[in-house]
Amino acid sequence: MYQIVPALAAAFLSIVVTTSAQKPWFCQSYACPAFTSEGKGGYTVRTYEQSTWVATSITSSNPDPERRESSSMFQKLFRYISNENADRLKIDMTVPVLTKVETQGNQYTITMMFYLAVPNPPAPNDGSVFLVTRPAGRVFVRSFPGWFWPRNNKYRTELQEMKNLIGDATLYNDNVYYKAGYNSPWDFFKRKQFEVWTDSL
């Protein structure tokens, strides 16, 4: 299925505006949340509109969930969009699949999320699945392409490189980062889009 998941590191100086009518290439045929983007050289600053997501979480002593844990979270969300919800509504798959990693002392809360492009999404049937509203706001994004799925430490390496480029640690939330992916694991022969995000303060 989909990996959480994160184009070339943006070096453009112009602002690129993305709308539902002009999606970025990496969204392919899927719906994805609208944003505007400003290239900074090595990373971009995206401004997203408010959006709704369906999510599920685990708590772990490791910031990288095991394969079975990631699979379990994905399957819970996939069942929700497949019609295991209060309205028995089948909802189209979207991108990205987003994984939020939040540090809480010696523990990590890992939350996997699917973007919901439908109005008034139904309540989940599964008690461990919930709806999340992400408010409008800015995120720092570092993108990296690949043909194969990256190891988890690749995301952390790219995250640290982005933080080094940003320079001022007061500009971002150091306790939270996100891994974003836009491709199915079955896309063996496609160039893939991977991203790491951190919230702008």
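Reading the values: rules and limits
Residues numbered from 1 in each chain as written. Predicted model: local features only at pLDDT ≥ 70, side-chain atom pairs only at ≥ 80, totals over all residues. Heavy atoms only, no water. Helix = DSSP H or I, 4+ residues; strand = E, 2+ residues; numbered from the N terminus. Expected span 1.5 Å × (residues − 1). Buried < 20%, exposed > 50% of the residue type's maximum accessible area, 1.4 Å probe, protein only. Arc of directions from axis to C-beta. Contact = heavy atoms within 4.5 Å.

Lay out helix α1 (residues 67-82) with the relevant residues and their values.
With 16 residues, α1 extends 22 Å from end C-alpha to end C-alpha; this agrees with the ideal 22 Å at 1.5 Å per step. Those residues of α1 that fall on the buried side of the exposure criterion are M73, F74, L77, Y80 and I81. Down the axis of α1, the buried set is contained in an arc of 115 degrees. They therefore lie on one face. Facing away from the buried surface of α1 by more than 90 degrees, the exposed residues are R67 and R68. Those residues of α1 hidden inside the fold are in contact with β4 (51-60), β5 (97-104), β6 (107-116) and β7 (129-134).

Give me unusual backbone geometry: which residues, what numbers.
The step from V95 to P96 runs through a cis peptide bond, and the omega angle for that step is 0 degrees. For P96, the location among the structural elements is in the loop between α1 and β5. The phi dihedral of Q28 falls on the positive side, at around 55 degrees, and the residue is not glycine. Structurally, Q28 is set in the loop between β1 (15-18) and β2 (35-39). Classification of Q28 by relative accessible area gives partly exposed; the value is 29%. Of note in the backbone geometry, N120 takes a positive phi value of approximately 50 degrees without being a glycine. On the basis of relative accessibility, which here comes to 72%, the residue N120 falls in the exposed class.

None of this, on its own, says anything about what the molecule does.
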